[in-house]
Each structure stands twice: as C-alpha cells, then as structure tokens.
Amino acid sequence: FRWCIFSLYLLSPHFFFSSFFFFFLSIRRPPRSPLSSSSAASDVYKRQVSTQSTGNYGRAMGCGASNQPAEDTKSPSPPPAKETPNKAPVSPPNSEAVSPILTPKAAPPSKAISLIVTGPPASSKGKLIKEVVGALGLRQINTVGVVRWFQSARKQELKAAEDEGREPRDVPGAKLADQASACSMNGESIPADTMAELLQLRLAESDCADGWILDGYPRDENQAKEMLARTVVPSKIIVVKLPDQVLLDNQCHRRIDPQDSQIYDIRDEIDEDVKQRLVLREQDQEEVVKAKIEQYAVSTRGMISVFDQSLVVEVDGSSQDPVKMLEQVQAALDEK
C-alpha cells in the first residue's frame, strides 16, 4: 500500500515542481565577501605596504620622490615590525620586495687624512713622503702629475667618443691643464689661481676620497691663498726642519756622473774610476745652495702664515731617517 502511494506521488506535478525548486537553490552562487573583489583586495594590500614602507628613507632617497610622503603631510613614525619566524614577506605580483624599515642616520664625518709636505732641498722630504704614502695609504699628488692627469682624461674621453660614435664630452680641468702645460713649456710659472683650481678638481676625484698628500705645493703665500680661497685645506702641514749646515753638506758634496747621470755623494766610498769622472753641477755650488735655502725659508714662512697655525707640524729631519720622521708625523696625527 505504501509503495503504491509513493509511486502515485512520483508521477504527480507537485514532485516535479518541488524537485526543480530545490535544484535551483543548490546551484545559486553564494553572496560575495566585500574583501573578495580585486579592487578591495588591492586597496587593503596597498594600505599594508604603505604602513610597512613609511620609514624606508634609504630607498626613497635613492630612487626618487615618488616613494616619499607628501611634503604637506606629517607622517607618523611607523611602528616596529613584528617578527614572524620562518615566514617570508609577501610581495605583490611583478613588483620589488618591500625593503625593511630603515631609520635615517646622519653621514659620519670624513676621517680621510690630507697632508701638505714641504721641506728644503736635500732634506729627505721625498723619502718621508714615500714612507707616509706606504703607511697611511694616501694618494700622492704633485703639480706635474695633476696636469698630466687631466690631459690623459681628455684623451680617454676622445677615444671613447670615437668608439661610440658620439660627440666628445667636455672634461673639466682639461683646458686649464693645457694652459698650465703651455706655461711650463715656455719656462713660465703656472698662475697660482690656475693650479689651485686644478688641484681643487683633482682632489675631488674618487681616488683621493681616502686621503691625499700634496708634495711640495704650495710654495709661497700667493699659492696658499688661492688654495684657501677654494677650500683646499689639509688636515696637517708637515714641515721638515734641519740645520742649514746639514743642507749645505748634503748638496755641496753632490757630484754627477756624466756617463749615466747618476748622483753620488763624494763622502761615500766610490769606485776610483767613477770618482775621476764625476763633476760638480752649478746647482750644487755653495753660493747657489745658500741662495736656495734662504729663498725656501722666506717663501715657506709666507705660505705657512696663510693657514691655521694649529695645522703646522714641524718634523726633525736632522737624522735623515725617514722612518723616524714618519713616527713624528703619526704622533701628530694621533693628537688631532
């Protein structure tokens, strides 16, 4: 009886409509969450990234102003990031990973050493400079080398422009170097302002960033003033001092071998055949040497007077030992 009743129900119109109704309910889509849309999710993500990158001053300053907060908006300091163990930061598709929050710090003051070394002829100044360069790793600079450096830089630029098929770019300092070179070729002194500008440009190059040592320049008051006007000021001015008589002996006993232009000191042991052909140069005669020593003293006093006297370090060179003089230089640098 029950099976008969059930069979009649299956064949009735009510079963057909009720089945269709329940089938329609089963295929209907559920309501979407507000956060499931792509635009809403993108907005949420942007807010999260904005919160994480507010303090990323390193990237903002390096990559442009687009990463920085608006100037008229006072951005609060970001909260410290929470540590999530064994979980990599999430990045949006096709974008760079978000950098960690950085705190802006002031650049540390430069600790590079810059020296001017001066000394009379035959004072072992050259040997001292060699020791200082080796011990402190400074870039040795002299006026001749500066002129040649800029001329070489221009040659390299001309070659690069030719290889790349473009117009050569202007090399700052190259024209000044040509002017200085022309003065030297004509036996004229290089103008102090020209050399000071060349030195300013040269010492600003990256290879001088760790420190430099200027060999034998400036030599007088005018040259020093031109350097000071361009803020070319050293950490210390090293002045090699020794008695005039020692300077006289060092130079007046010099002789030159005309065959190979080698310099000898006749107080040393020399082969007799070599000794017989040695000659005294005019520049090593006593009257000439005395005049050079006096001129050096006057010029150096004027040069030193231009700079702050606390920069001046006098080094005893009477021993003629560059290692001992280096120890005095290092002691003076340690005191600053």
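Because the structure is predicted, anything quoted here is derived from the model rather than measured.

### A word on the sheet that holds strand β7 (residues 312–316)
Read across the open sheet, the 5 strands follow the order β2-β3-β1-β4-β7; overall the sheet is parallel. Across the chains shown, the open sheet's two edge strands, defined by having one partner strand only, are β2 (139–141) and β7. Averaged over all neighbouring strand pairs, the angle between strand axes comes to 25°, with direction disregarded. Of the strand pairs in this sheet, strand β4 (residues 236–241) and β7 are connected by 5 bridges, and their pairing is parallel. The residue bridging Ile 238 from the neighbouring strand is Val 313, located in β7.

### A word on the confidence of the model for the protein
Across the protein, the average pLDDT comes to 76, with 67% of residues at 70 or higher. Confidence, expressed as mean pLDDT per element, reaches its minimum in the protein at helix α4 (residues 57–63) with 31 and its maximum at helix α9 (residues 221–229) with 97. Note that pLDDT drops below 50 for residues 20–25; the model gives that stretch 0 contacts with residues more than four away or on any other chain. Ignoring residues within four places in sequence, the model shows residues 27–110, a span with pLDDT below 50, making 40 contacts including any to other chains.

### Side note on the packing of α9 against helix α12 (residues 286–306)
The relative placement of two packed helices comes down to the angle between their axes together with the axis-to-axis distance. Where α9 contacts α12, the two axes come as close as 7 Å, and the packing angle between them is 20°. By the angle between their axes, α9 is roughly parallel relative to α12. The way α9 lies across α12 gives a crossing that is right-handed. Of the residues in α12, those in contact with Glu 221, Ala 224, Lys 225 and Leu 228 of α9 are Ser 299, Gly 302, Met 303 and Val 306.

### Topic: the pattern of salt bridges
Applying the stated rule across the entire model yields 13 salt bridges. Of the charged contacts, one joins Asp 163 and Lys 159 as a salt bridge, the two residues approaching to 3.0 Å between their closest N and O atoms. Of this pair, Asp 163 and Lys 159 both sit in helix α6 (residues 143–164), 4 residues apart, roughly one helical turn. There is no split in this pair, since Asp 163 and Lys 159 are both exposed. As a salt-bridge pair, Arg 202 and Asp 207 come within 2.7 Å of each other at their nearest N and O atoms. Taking the relative accessible area as the measure of exposure, Arg 202 reaches 5% and is therefore buried. The exposure class of Asp 207 is partly exposed, given its relative accessible area of 29%. Through salt bridges that share partners, Arg 139, Arg 202 and Asp 207 make up one connected network.

### Looking at the environment of Arg 202
Residue position: Arg 202 is located in helix α8 (residues 192–203). Between the C-alpha atoms of Arg 202 and Gly 173, which are 29 residues apart in sequence, the distance is 8.5 Å. Ignoring anything within four residues of it in the chain, the contact list for Arg 202 reads Arg 139, Ile 141, Val 146, Trp 149, Phe 150, Asp 207 and Cys 208.

### Description of unusual backbone geometry
The omega angle of the peptide bond from Tyr 217 to Pro 218 is 0°, so this bond is cis rather than trans. Tracing the chain through its elements places Pro 218 in the loop between β3 (211–215) and α9. If you check the backbone angles, Ser 124 has positive phi at about 65° while not being a glycine. Positionally, Ser 124 belongs in the loop between β1 (113–118) and α5 (125–136).

### A look at the environment of Val 289
Within the secondary structure layout, Val 289 lies in helix α12. Sequence separation between Val 289 and Gln 251 is 38 residues, and the spatial gap between their C-alpha atoms is 7.1 Å. Not counting the four nearest positions on each side in its chain, Val 289 is found in contact with Leu 247, Leu 248, Gln 251, Cys 252, Gln 283 and Asp 284.

### A look at the packing of aromatic side chains
The final tally for this structure, using the stated rule, is 1 aromatic pair. Ring centres of Trp 149 and Phe 150 lie 5.0 Å apart, and the angle between their planes is 85°; on these two criteria the pair is classed as edge-to-face. Residue classification places Trp 149 among the partly exposed positions, given a relative accessible area of 30%. Stacked on the ring of Trp 149, the Lys or Arg Arg 202 has its end atom at 4.3 Å from the ring centre.

Parameters and conventions
- Residues numbered from 1 in each chain as written.
- Predicted model: local features only at pLDDT ≥ 70, side-chain atom pairs only at ≥ 80, totals over all residues.
- Heavy atoms only, no water.
- Pairing = 2+ DSSP bridges.
- Helix = DSSP H or I, 4+ residues; strand = E, 2+ residues; numbered from the N terminus.
- Axes fitted to C-alpha atoms, helices over the stretch in contact; angles between N-to-C directions.
- pLDDT = per-residue confidence, 0-100.
- Contact = heavy atoms within 4.5 Å.
- Parallel < 35°, antiparallel > 145°, perpendicular 65-115°, else oblique.
- Left-handed = near helix turned anticlockwise from the far one by under 90°.
- Salt bridge = Lys/Arg side-chain N within 4 Å of Asp/Glu carboxyl O.
- Buried < 20%, exposed > 50% of the residue type's maximum accessible area, 1.4 Å probe, protein only.
- Phe/Tyr/Trp six-rings, centres within 6.5 Å; stacked < 30°, edge-to-face > 60°.
- Lys NZ or Arg CZ within 6 Å of the ring centre and 35° of its normal.

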